[in-house]
Amino acid sequence: MKYFLSIVSFLLLGSTSLAQVSFKASVNQKEVGLGERFVVEFKVNQQGEDFKAPPFHGLQVLSGPNTSVSTFMDNTGTRFNLTYSYMLRASKLGEYTIDPAFIKVEGRTYRTEPITIKVVEKKSQAQEGPKDVFLKAYVSDRKVYQGEPFYANYRLYFRNEVFQHSFQEEPDFTGFYKEFIEQNRIETQEEYVNGNRYYSADLRKMVLIPQQTGKMEIGSIQMTIPVRVPSRQRDIFGFRVNRTENRDLSATFPTIEVLPLPSKGRPTNFSGAVGQFSLQAEISEDEIDTDGSLSLRVKIEGTGNIKLAELPKIEFPNAFEVFDPEIKENSSVGTYGMRGSKTIEYLLVPRYGGEYKIDPIEFSYFDPKQEKYIRLQSDAFSIKVNGGTLAPQEKQSGIMSPKESEQVDFINKEILFIKTKANWHKIGEQFLGSALFWSLFSLPFLIALGSLFFWYRKRKESEQGDLLKVQRAAKVARKRLSKAQKALKENQPEVFYSELETAILGYFEDKLKLSKSNLTKDELEAQLQARNVDASLIGKVMKLLQQSELARFTGLKAEAARNDYEETAQVLTEIEKQL
Amino acid sequence: MMKLLYSLLFLGLGLMANAQNEAFQKANSAYQAGAYEEAIQRYDSIVNSGYESAALYYNLANAHYKLGALAPAILNYEKALHLAPKDEEILHNLKLAEQKRIDRFEALPPNLFKAFRFGILLAFSPSTWAIIAIILLFVASLGIGLYFLSSRKRIGFILALSLSVLGLFSAWMAFQHQAHLEQHPALIVMSESAYVKSGPGTEAEDLFILHAGTKVVRVDEYESWTKIRLIDGKIGWLPKGSLEAIY
């Protein structure tokens, strides 16, 4: 009763009820050991209803609510007690608070005070000296490779009679594939621990296969077991009276270091098998008719995680119809770990005649003892199919889908070799839009513009040249004709025509670099023709010369002279331009 | 012919690329020795140094393929093919890799006009179109020169008119192709499997599932989601992280 605490009573002011309602919470131990069981009771002294238990945060409810009712009488009258009790267990150290519970009595709600509980390291069992019962967990190997099976067990050691355990909790083996070793009955043997004799029994044997890498905690086993212990009391005959006590036991598996499988040298077709294996592959027949069938059997056998190993993939020629394979699995677990075999059997029915081959079947596994990958390979098989048509090489027949026929082209399923030469350029650098592109792109436009410009300049130049020539020619002609003009102004037609003739001949003498004595009318004509002067111009020159000769002998008119002057000037200008 | 032009164009760069060549040779010998992971590292380091080539992506893809990594293999084959669209070795290995892919979709038959347009547009890569344009325009400019500066005016006129029209058309095609690529970048599904959603967000309904190595086209983007279209016309949203762009 000394553990009772925090008794809270609620006074019912103005209540007609004689008895005060009391609703109290209590624990049997304020300080409990880790994993130890303890009891929480909620007691009410009136008939209550709507009992609401608090949530037991962080605590495990082993049983409850258990209700009990008791009635007794004393001097004050009849007493009544209604008790709700829970059996709890703490699995972590620390302080826990049990929140208030609620109950309704005659329409009023009552609550309990919260209780604080301290969970401490397991209190040593009262006995001095060797424990009379304990549990221990073992693993066969503390450093294993991922996928490597190992053996684990936990063993009960006891000195006195024990009974069937009443409570047991095992870890959930997260990160492991586990397989229990079946035991028809638990065998007991004698064992000495620290010089003390114990009986021991393997309560559970199992094989674990780690699936994750790193430091792995398997966890611990919790168990409550009734033990018969001798008490101090003696019976009437003087024998010790044995009591049965519940013992909370626990054992933790050692931490396992799981090594990852080395990535170095890992075959591409690695099956995931870890251990020691052998590969057998056989074919039932190597020569069949098209209406026959044959089977291919592949068997993997050995010690290791055979259950998790992938069977090798087999590529069959398209000419065979392959039925769903039959897979047989056979494995056993024991202290050696796991061993067994996996067999896959394919039934093949040929569709076409001809000779076909099946590539060697490969199986690779990791051997943790040798710490390296081992690659097994069967022989290649060749099958001769007699009769029937040959497999179509190109167009699909009714049986083959287009996809399959495409694959026929890829009989050589290996990729082509790498390239050894490379043209480098900066990433993201592209010809289109680059400076080089724009300069090359604008070059034709520049060429076009350039040629346009040259053409324009040349034309302008030639036009300007013409104008200059005309001006110069006119000047020369006028200069030559200045005397004739003077005569014309003085109205002396005779002088005018002789001057005109002199001017024309003088002009051509200078121009054609001829001596005066040589120059006759005919010769001038021949010379001008030789120089590709326009025929009409030559005619005009000849006509002018003729006229000036003629005019000297015939009557002269000032009017005609003026015309002739103008024409001479014109003709000479033209000639100057052409020569 | 095109190859020759390319190599002439990049000759200057090629001369400076001795460091890349050396690293490339080392990676190649690692590949040949079967040390594919080392080869991948070495190839990647060249990419990280900022240089690329069709051969580099092709070899990188081969190394990934040898290690059984389908998605990176297809991604790099596609990258190589983007740089050298007509290379037979790349096409062959890409086809092999695609056969290992889980997803198989039939391409939609395109409508006639589209098929015609894309048939011309996608006949050459943007760079090849650009080179064609430059050559045509160059010859056209010679035609203009002939027309203006010589007496062979007729030939010059015909050359100038026809080739400048063709050349400008090619240049237009180059930019069109480029714009097409930029507007519809091709992506590769990198995660082993990914649920395509009806909208951007994890709450959206699952439409269908895609597997590693499948090529899709980006249609739109919203926050960390990409709207994609498959070759069979299906449309849906995928998280950006499950995709990687070819270019």
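Rules behind the numbers
- Residues numbered from 1 in each chain as written.
- Chains lettered and ligands numbered in written order.
- Predicted model: local features only at pLDDT ≥ 70, side-chain atom pairs only at ≥ 80, totals over all residues.
- Helix = DSSP H or I, 4+ residues; strand = E, 2+ residues; numbered from the N terminus.
- Buried ≥ 20, exposed ≤ 12 C-beta atoms within 10 Å, placed from the backbone.
- Contact = placed C-beta atoms within 7 Å.
- Axes fitted to C-alpha atoms, helices over the stretch in contact; angles between N-to-C directions.
- Parallel < 35°, antiparallel > 145°, perpendicular 65-115°, else oblique.
- Left-handed = near helix turned anticlockwise from the far one by under 90°.
- pLDDT = per-residue confidence, 0-100.
- Nonpolar A, V, L, I, M, F, W, Y, C, P; charged D, E, K, R; others polar.
- Pairing = 2+ DSSP bridges.
- Core = buried A, V, L, I, M, F, W, Y, C linked by C-beta atoms within 7 Å.

> With reference to specific residues and values, describe the overall build of chain B.
Helix and strand counts for chain B come out as 10 helices and 8 strands. Expressed as a percentage of the 247 residues in chain B, the buried residues total 38%. In chain B, the proportion of contacts linking residues at least 24 apart, taken out of those at least 6 apart, comes to 55%.

> Any details on the packing of helix α4 (residues 36-48) of chain B against helix α5 (residues 54-66) of chain B? Residues and values, ideally.
All names here are of chain B. Following both chains from N to C, one finds α4 and α5 inclined at 150°, their axes separated by 9 Å at the closest point. One element, α4, and the other, α5, form an angle in the roughly antiparallel class. Considering only the axes of α4 and α5, their crossing is left-handed. Note on element contacts: α5 touches α4 through Leu56, Asn59, Leu60, Ala63, His64 and Lys66, opposite Tyr36, Ala39, Ile40, Tyr43, Ile46 and Val47.

> Any details on the confidence of the model for chain A? Residues and values, ideally.
This prediction gives chain A a mean pLDDT of 79; 88% of its residues lie at or above 70. Under a pLDDT of 50 for its full length, residues 1-18 of chain A has, in the predicted model, 20 contacts with residues more than four places off or in other chains.

> Describe the interface of chain A and chain B, listing the residues and the values that go with them.
Each partner contributes to the interface: chain A provides 30 residues, whereas chain B provides 44 residues. Sorting the residues of the side of chain A that touches chain B by element identifies β32 (425-426) and α2 (435-480) of chain A as the ones contributing at least two each. Ranked by residues supplied to the side of chain A that touches chain B, first place goes to α2 of chain A with 11 residues. Tallied by class, residues from the side of chain A that touches chain B come to 19 nonpolar, 7 polar and 4 charged. Pairing analysis gives 2 bridges linking β32 of chain A to strand β1 (residues 51-52) of chain B, with the strands arranged antiparallel.

> Explain the pairing of strand β17 (residues 196-210) of chain A to me, using residue names and the numbers behind them.
Residue and element names in this part refer to chain A. Here 9 bridges tie strand β13 (residues 150-158) to β17, and the two strands are oriented antiparallel to one another. Following the sheet pairing, Asn153 is matched in β17 by Lys205. As paired elements, strand β15 (residues 176-181) and β17 share 6 bridges and run antiparallel to each other. Each residue of the ladder has a partner; that of Phe180, found in β17, is Met206. As defined by bridge partners, strand β16 (residues 188-193) adjoins β17 across 6 bridges and the pair is classed as antiparallel. Within the sheet, the bridge partner assigned to Glu191 lies in β17 and is Tyr198. Linkage of β16 to β17, two consecutive antiparallel strands, is achieved through a turn of 2 residues, within which Asn194 is found at a positive phi near 50°.

> I'd like to hear about the sheet that holds strand β28 (residues 354-358) of chain A, residue by residue, with values.
Residues and elements named next belong to chain A. The strand order across the open sheet formed by 3 strands is β23-β31-β28, and the pairing between neighbours is mixed. Two strands lie at the open edges of the sheet, namely β23 (287-289) and β28, each paired on one side alone. Between one strand axis and the next, the sheet turns by 25° as a mean value, whatever way the strands run.

> An account of the nonpolar core is requested, with residue identities and associated values reported.
Formed by 46 residues in total, the largest nonpolar core has its most connected members in Tyr58, Ile74, Tyr77 and Ala80 of chain B. Elements with a minimum of two residues in this core: α3 (18-32), α4, α5, α6 (70-83), α7 (88-100), β2 (186-189), β6 (225-229) and β7 (235-239) of chain B. Of all hydrophobic cores here, the second largest spans 35 residues; its members include Val258, Tyr352, Phe366 and Ile383 of chain A.

> Tell me about the pairing of strand β5 (residues 59-74) of chain A, residues and numbers included.
All names here are of chain A. With 1 of 16 residues buried, β5 lies mostly on the surface of the structure. Pairing geometry for β5 and strand β6 (residues 77-90), over 13 bridges, is antiparallel. Note on β6: the bridge partner recorded for Ser70 is Asn81. Connecting β5 to the antiparallel partner β6 that follows it, the hairpin turn spans 2 residues.

> Could you give an account of the packing of helix α3 (residues 482-489) of chain A against helix α4 (residues 493-512) of chain A, with specific residues and numbers?
Residue and element names in this part refer to chain A. Packing of α3 against α4 brings their axes to within 8 Å, and their N-to-C directions diverge by 170°. Relative to α4, the element α3 lies roughly antiparallel. Residues Lys483, Ala484, Ala487 and Leu488 of α3 touch α4, and the partners they reach there are Val495, Phe496, Glu499, Leu500 and Ala503. In terms of residue class, the contact of α3 with α4 is built from 7 nonpolar, no polar and 2 charged.

> Give a detailed account of the sheet that holds strand β7 (residues 94-98) of chain A, specifying residues and quantitative values.
Residues and elements named next belong to chain A. With mixed pairing, the 3 strands of this open sheet are ordered in space as β2-β10-β7. The open sheet has two edge strands with one neighbour each: β2 (31-33) and β7. Along the sheet, successive strands turn relative to each other by an average axial angle of 30°, direction set aside. Of the strand pairs in this sheet, β2 and strand β10 (residues 115-120) are connected by 3 bridges, and their pairing is parallel. Within the sheet, the bridge partner assigned to Val32 lies in β10 and is Val119.

> Tell me what's going on with the environment of Val196 of chain B, and back it up with residues and numbers.
Relative to the elements of secondary structure, Val196 of chain B occurs in strand β3 (residues 193-197). Apart from residues lying up to four places away in sequence, Val196 of chain B is in contact with Leu207, Phe208, Ile209, Leu210, Gly236, Trp237 and Leu238 of chain B.

> Could you give an account of unusual backbone geometry, with specific residues and numbers?
Residues and elements named next belong to chain A. A positive phi angle, near 55°, is found at Asp50, a position not held by glycine. Secondary-structure assignment places Asp50 in strand β4 (residues 49-52). Its identity as a non-glycine residue notwithstanding, Glu371 has a phi of 55°, on the positive side. Position of Glu371 among the secondary structure elements: in the loop between β29 (362-367) and β30 (372-377). On the neighbour-count criterion, Glu371 (11 C-beta atoms within 10 Å) is exposed.

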